[in-house]
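Fold and contact review
Next come the chains, spelled out residue by residue.
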Amino acid sequence: MEQRVSLVTLGVDDLGRAKEFYERLGWRGQELSETVFFQTGGSAFVLWGREALARDCGLPVDRGFGGVCLAHNARSAAEVDEIVAAAEAAGALVTRRPAETFYGGYAGVFTDPDGHPWEIAHNPDFPLAADGSLTVPDLGAQ
């Protein structure tokens, strides 16, 4: 697994309120499917409903889910499988086995020993540069 965080997703209680807050800070995001993506250098910051994020991570909301998920974008579906298997062998709990996603990618989720969720994803619509930096595409063209 390359050493990088591709996305940080915050589970929010009110997407509109959260989006407005970041826009008042001068950030500009793109909304797609009840999710807001902000380009942040070579990575992305994402807002998504707290319950939807918990479900996507394979975690119940009432289990003390902190509302944050880190993501590592892989270069292929096979790499997703390799990383999730390596994490499980290292002691991670796999909360969502790798599978095709609703957005046309492939992803799985594990939690580290302290319960922090990591999504490992291959998303062909979010290109990775050679150095691993991620570029959020024009979501209006999707």
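Scroll up for the structure.
Residues numbered from 1 in each chain as written. Predicted model: local features only at pLDDT ≥ 70, side-chain atom pairs only at ≥ 80, totals over all residues. Heavy atoms only, no water.

On to helix H1 (residues 15-24), then. Those residues of H1 lying buried are Leu-15, Ala-18, Lys-19 and Tyr-22. Burial along H1 is one-sided: seen end-on, the buried residues are contained in an arc of 100°. Residues of H1 that are exposed and point more than 90 degrees away from the buried face comprise Arg-17 and Arg-24. Each element contacted by the buried residues of H1 is listed here: strand E1 (7-12), strand E2 (30-32), strand E3 (35-40) and strand E4 (43-49). (Buried < 20%, exposed > 50% of the residue type's maximum accessible area, 1.4 Å probe, protein only. Helix = DSSP H or I, 4+ residues; strand = E, 2+ residues; numbered from the N terminus. Arc of directions from axis to C-beta. Contact = heavy atoms within 4.5 Å.)

The residue Ala-129 is located in the segment after strand E8 (117-122) in this model. On the basis of relative accessible area, Ala-129 is assigned to the partly exposed category, the value being 33%. Placed 32 residues apart in sequence, Ala-129 and Arg-97 show a C-alpha to C-alpha distance of 26 Å.

Let us look at unusual backbone geometry. The backbone of Ser-33 shows a phi angle near 50°, a positive value even though the residue is not glycine. With respect to the helices and strands, the residue Ser-33 is situated in the loop between E2 and E3.

Per the stated rule, a full pass over the model turns up nine salt bridges. The salt bridge partner of Arg-96 is Asp-56, with a shortest N-O separation of 3.0 Å. Placement of the pair is Arg-96 in strand E6 (residues 93-100) and Asp-56 in helix H2 (residues 50-56), with a sequence separation of 40 residues. By relative accessible area, Asp-56 is classed as buried at 18%. Here Glu-119 and Arg-96 are joined by a salt bridge, their closest N and O atoms 3.4 Å apart. Of this pair, Glu-119 sits in strand E8 while Arg-96 sits in strand E6; the two residues are 23 residues apart in sequence, bridging distant segments of the chain. Look at the salt bridges and you will find they share partners, linking Glu-2, Arg-4 and Arg-75 into a network. (Salt bridge = Lys/Arg side-chain N within 4 Å of Asp/Glu carboxyl O.)

Attention shifts here to the pairing of E6. Bridge count for E6 against strand E7 (residues 106-111) is five bridges, and the pairing is antiparallel. Residue Arg-96 lies in a different strand from E7, and its bridge partner there is Val-109. (Pairing = 2+ DSSP bridges.)

What follows concerns the packing of aromatic side chains. Enumeration according to the criterion identifies nine aromatic pairs in this entry. Here the aromatic rings of Trp-27 and Phe-38 are separated by 5.6 Å at their centres, their planes lie at 70°, and the arrangement is edge-to-face. Taken together, the residues span a long stretch of sequence, with Trp-27 in the loop between H1 and E2 and Phe-38 in strand E3 at a distance of 11 residues. Judged by its relative accessible area of 32%, Trp-27 is partly exposed. On the accessibility criterion, Phe-38 (1% relative accessible area) is buried. Their ring planes at 45° and their centres at 6.0 Å tell us that Phe-38 and Phe-45 sit as a pair that is tilted. Each of the two residues, Phe-38 as well as Phe-45, counts as buried. Counting every residue linked through ring pairs, the aromatic cluster contains Phe-21, Tyr-22, Trp-27, Phe-38 and Phe-45. (Phe/Tyr/Trp six-rings, centres within 6.5 Å; stacked < 30°, edge-to-face > 60°.)

This next bit is on the environment of His-72. Here His-72 lies in strand E5 (residues 68-73). His-72 sits 47 residues away from Glu-119 along the chain, and the two C-alpha atoms are 6.3 Å apart. Each residue touching His-72, except ones within four places of it in the same chain, is listed here: Met-1, Glu-2, Arg-4, Ser-6, Ile-83, Trp-118, Glu-119, Ile-120 and Ala-121. Among the polar contacts made by the side chain of His-72, one reaches the main-chain carbonyl oxygen of Glu-2 at a distance of 3.5 Å. (Polar contact = N/O pair within 3.5 Å; in protein donor to acceptor, adjacent residues only side chain to side chain.)

Treat this as a map of the structure, not an account of what it does.
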